[in-house]
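Each chain, written out:
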Amino acid sequence: MTKHLVLAAAAIAAFSASDAFAADADHGKQLYATCAACHGPTGAGNEALGAPPIAGMPAWYTVRQLNNFKTGVRGANPKDTHGQQMAPMAKMLGTDDDVADVAAYIETLK
Ligand code: HEC
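Residues numbered from 1 in each chain as written. Predicted model: local features only at pLDDT ≥ 70, side-chain atom pairs only at ≥ 80, totals over all residues. Heavy atoms only, no water.

Undergrad: With reference to specific residues and values, describe the environment of Asn46.
TA: By the secondary structure assignment, Asn46 is in the loop between helix 2 (25-39) and helix 3 (59-71). For Asn46, a relative accessible area of 26% puts it in the partly exposed group. For the pair Asn46 and Ala36, spaced 10 residues apart in sequence, the C-alpha separation works out to 9.8 Å. In this structure Asn46 touches Cys38 and Ala51, once residues within four positions along its chain are discounted. (Helix = DSSP H or I, 4+ residues; strand = E, 2+ residues; numbered from the N terminus. Buried < 20%, exposed > 50% of the residue type's maximum accessible area, 1.4 Å probe, protein only. Contact = heavy atoms within 4.5 Å.)

Undergrad: Describe the site of the ligand, listing the residues and the values that go with them.
TA: Taken together, 22 residues sit near the ligand, with Cys35, Cys38, His39, Arg74 and Met86 positioned nearest. His39 has a polar side-chain atom sitting 2.8 Å from a nitrogen atom of the ligand. Arg74 places a side-chain nitrogen or oxygen 2.8 Å from an oxygen atom of the ligand. Elements represented by at least two residues in the shell around the ligand include exactly helix 2, helix 3 and helix 4 (81-91). Broken down by element, the shell around the ligand gets its largest block of residues, five residues, from helix 3. Among the residues making up the shell around the ligand, the classes are represented as 14 nonpolar, seven polar and one charged. (Near = heavy atom within 4 Å. Polar contact = N/O pair within 3.5 Å; in protein donor to acceptor, adjacent residues only side chain to side chain. Nonpolar A, V, L, I, M, F, W, Y, C, P; charged D, E, K, R; others polar.)

Undergrad: Please give an account of helix 5 (residues 96-108) that cites residues and values.
TA: Under the 1.5 Å per step criterion, the end-to-end length of helix 5 is 19 Å for 13 residues, consistent within 8% with the ideal 18 Å. Along helix 5, the positions that sit buried rather than exposed are Asp98, Val99, Asp101, Val102, Ala103, Ala104, Tyr105 and Ile106. Those residues of helix 5 that are buried lie in contact with helix 2 and helix 3. (Expected span 1.5 Å × (residues − 1).)

Undergrad: Describe the packing of aromatic side chains, naming the residues involved and giving the relevant values.
TA: Tallied over the full model, the rule gives two aromatic pairs. A ring pair is formed by Tyr32 and Tyr105, whose centres lie 5.6 Å apart and whose planes are at 55°; its orientation type is tilted. Of this pair, Tyr32 sits in helix 2 while Tyr105 sits in helix 5, and the two are 73 residues apart along the sequence. Since its relative accessible area comes to 3%, Tyr32 is described here as buried. The buried category is assigned to Tyr105, whose relative accessible area is 14%. Between Trp60 and Tyr61, the aromatic rings sit 6.1 Å apart at their centres with planes inclined by 90°, giving edge-to-face as the arrangement. Here Tyr61 falls in the partly exposed class, since its relative accessible area comes to 32%. (Phe/Tyr/Trp six-rings, centres within 6.5 Å; stacked < 30°, edge-to-face > 60°.)

Undergrad: Go over the coordination of the iron atom of the ligand, please, and point to the residues and values.
TA: At this site the iron atom of the ligand is bound by His39 (NE2) and Met86 (SD), with donor distances of 2.0 to 2.1 Å. Because the angles between the six donor atoms bound to the iron atom of the ligand fall within 88 to 179°, the donor set is best described as octahedral. Taken together, the residues span a long stretch of sequence, with His39 in helix 2 and Met86 in helix 4 at a distance of 47 residues. You'll find His39 and Met86 in the same group, each marked buried. (Donors = N, O, S within 2.8 Å, 3.2 Å for Na, K, Ca; no water. Tetrahedral: all angles 85-135°; square planar, octahedral: opposite > 155°, others 65-115°.)

This is the structure we're talking about:
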């Protein structure tokens, strides 16, 4: 019985992992064209613009930050000039799939 539960848990874990990889990094690459203006084509960032390096960031973290910008958890305070530049960019990612796809692409950047 316990063994079956362990197998079931492993199956669920495998499913969730493959689900995460279902994000479409090729589509993300197209979306990233906009981001490259500030974060650079390789995601190395641009200090003069206050845009941090984002290359290789884990997708789950990028998704969380992009959603924070979209919902105003980040970048809503008028004194937060850098956050205010980024927030409208995150809002351009219309769907959760767009967010997941661009995050998947960013994770592949070195
Ligand atoms: C107009 C310039 C600009 C563009 C275009 C831009 N960003 Fe940003 N981004 C910034 C700035 C500035 C910050 C820093 C915000 C802060 O200090 O809170 C930032 C922060 C971020 C962060 C948070 C990093 C961290 O360590 O928490 C992520 C993720 C991010 N950007 C992703 C993107 C993505 C994806 C796109 C394209 C859809 C994009 N950015 C387009 C300027 C830009």
